[in-house]
Amino acid sequence: MSYILLVGAGFSGAVIGRELAEAGHDVDIIDQRLHVAGNCHTERDEYSGVMLHVYGPHIFHTDDAQVWEYVTRFSVFKPYINRVKSTVGGAVYSLPINLHTINQFFGKTLRPDEAKAFIEQQADTSISDPQTFEEQALRFVGRDLYEAFFKGYTKKQWGCEPSELPASILKRLPVRFNYNDNYFFHRFQGMPEHGYTALVEKILDHENITVKLNTAFDPSMTEQYDHVFYSGPLDGYFSFSEGRLGYRTLDFERFTYQGDYQGCAVMNYGQESVPFTRITEHKHFSPWEEHEGSVCYREYSRACGPDDIPYYPIRLVKEKEMLSRYVALAENTEGVTFVGRLGTYRYLDMDVTIREALDTARGFLDCVENNQPVPAFFVKPL
Ligand SMILES: Cc1cc2nc3c(=O)[nH]c(=O)nc-3n(C[C@H](O)[C@H](O)[C@H](O)COP(=O)(O)OP(=O)(O)OC[C@H]3O[C@@H](n4cnc5c(N)ncnc54)[C@H](O)[C@@H]3O)c2cc1C
């Protein structure tokens with residue numbers, strides 16, 4: 001049996017660790033933070049009792065039945081539908097843009113077919129091959145909806161003009177021609193009853209797993225182990241020798257309220273003149289609970305500095321060039337596999353993180369069984 005080190009006790013580290021522990025390996029998991037669950041960490045506010053999503057709101061949604069089965073093994077999931085609102089120009093609209101939004105925004109009473117034809121008239125059909133986010137949005141929805149719901153929000157979120165971002169960010173038509181305001185399309189959606197940290201603690205609860213918190217990775221640690229899975233920042237592993245991979249970070253301005261502050265979990269602010277992107281009211285993420293007090297976060301996005309928490313990888317041309325140099329370094333490093341959102345420098349939803357972690361553990365076990373070298377990446381970052 002092997003002795004394995006996992007760096008990071010988020011979903012990546014926890015799921016890989018659990019799978020390897022169940023296969024009989026001895027697993028140590030370290031995390032530099034004082035809690036498990038990584039950025040999905042939840043904790044109860046000691047005054048109001050509200051479950052807080054400390055690093056920003058997390059809604060579990062997936063089409064992957066196996067992943068759903070996996071998470072529901074470790075926690076009851078309560079029904080939750082993400083319904084997002086947006087305050088723009090003195091009115092509140094429903095997102096993603098749907099028939100209600102269109103009718104309200106344009107002061108109309110269109111039926112689905114009429115709305116489809118109407119939006120086609122709005123769309124800028126002179127753009128045949130959209131290259132940028134802006135062109136893609138103008139091509140899909142036209143200028144009015146683009147400026148109200150995408151332009152300001154995207155500028156605040158990414159800190160650049162939407163014309164500098166690739167079209168791929170807006171993959172499909174962000175409009176529904178019915179009154180469905182469920183933000184996600186996925187078959188399964190819900191919230192773990194006692195939060196994500198309790199769920200991850202359950203995953204880590206295995207006799208072959210030892211968790212050490214408040215413990216940062218040190219390269220000398222690798223000597224004691226047969227293999228290391230690293231879910232920390234890829235550039236950090238190599239002491240930023242090629243430069244720092246660009247991220248956006250978030251600042252949360254917390255405030256409390258007696259009662260119900262905004263009546264919903266997520267209220268976006270599309271206008272550029274409002275400095276924050278959204279306000280989240282955390283008790284609405286647990287609609288089965290009742291709390292008099294309320295805790296809200298105003299969310300601001302900005303460039304990530306060396307001491308900030310990296311949230312969203314930027315992945316434009318410059319970053320991808322740097323990333324390719326780090327990938328080459330990683331591929332020349334023996335005994336370490338880079339995993340998860342930071343280890344592969346990609347935005348990953350939780351369900352994708354868990355799917356990749358399950359596949360990575362399977363891949364590792366196959367390598368061990370067949371006496372093959374373990375790759376630096378089971379999922380290529382580029
Ligand atoms: C604002 C925001 C909102 C999101 N909302 C959703 C959502 O609604 N639904 C959804 O499905 N997904 C959401 N996600 C994605 C979700 O956060 C990720 O899928 C998940 O966190 C990835 O898990 P991970 O284990 O790869 O990384 P992380 O959760 O980041 O865990 C990595 C861990 O490694 C530790 N670590 C790093 N470096 C070191 C080191 N040197 N030594 C020791 N420990 C180290 C860190 O402390 C951290 O705990 C959201 C992400 C963001 C940024």
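Structure shown above.
Quick notes on the rules
Residues numbered from 1 in each chain as written. Predicted model: local features only at pLDDT ≥ 70, side-chain atom pairs only at ≥ 80, totals over all residues. Heavy atoms only, no water. Pairing = 2+ DSSP bridges. Helix = DSSP H or I, 4+ residues; strand = E, 2+ residues; numbered from the N terminus. Near = heavy atom within 4 Å. Polar contact = N/O pair within 3.5 Å; in protein donor to acceptor, adjacent residues only side chain to side chain. Areas by Shrake-Rupley, 256 points an atom, 1.4 Å probe, with all protein chains shown as cover. Buried < 20%, exposed > 50% of the residue type's maximum accessible area, 1.4 Å probe, protein only. Contact = heavy atoms within 4.5 Å.

(A) Quick peek at the sheet that holds strand β14 (residues 278-281). Spatially, β8-β7-β13-β14-β15-β12-β16 is the arrangement adopted by the 7 strands of the open sheet, whose pairing is mixed. The open sheet is flanked by β8 (91-95) and β16 (312-313), the only strands paired with a single partner. As judged from the 4 bridges shared by strand β7 (residues 84-88) and strand β13 (residues 266-269), these two strands associate in the parallel manner. Note that in β13 the partner of Ser 86 across the bridge is Asn 268.

(B) How the structure looks around the site of the ligand. If you check the shell around the ligand, you find 33 residues, and the closest are Ser 12, Asp 31, His 58, Leu 348 and Met 350. A distance of 3.2 Å is found between an oxygen atom of the ligand and a backbone nitrogen or oxygen belonging to Phe 11. One of the backbone nitrogen or oxygen atoms of Pro 57 is found 3.1 Å away from a nitrogen atom of the ligand. Here the ligand has 1,000 Å² of accessible area as a free molecule, and 95% of this is covered by the chains.

(C) Seen up close, unusual backbone geometry. Residue Pro 96 follows Leu 95 across a cis peptide bond; omega there is -10°. Take Pro 96: it is sitting in the loop between β8 and α3 (99-106). The phi dihedral of Ala 37 falls on the positive side, at around 90°, and the residue is not glycine. Position of Ala 37 relative to the elements: it lies in the loop between β2 (26-30) and β3 (42-44). With a phi close to 50°, Ser 239 is a non-glycine residue in the positive phi region. Note that Ser 239 resides in the loop between α7 (234-237) and β12 (247-258). According to the relative accessible area criterion, Ser 239 is exposed, its value standing at 60%.

(D) Focus on the side chain of Glu 299. Structurally, Glu 299 can be placed in strand β15 (residues 293-303). Owing to a relative accessible area of 1%, Glu 299 belongs among the buried residues under this scheme. Polar contacts involving the side chain of Glu 299 include one to the side chain of Arg 278, which spans 2.9 Å. Aside from chain neighbours lying at most four places away, what touches Glu 299 is Pro 57, Leu 250, Asp 251, Phe 252, Phe 276, Thr 277, Arg 278 and Thr 280.

The values are spatial; any link to function lies outside them.
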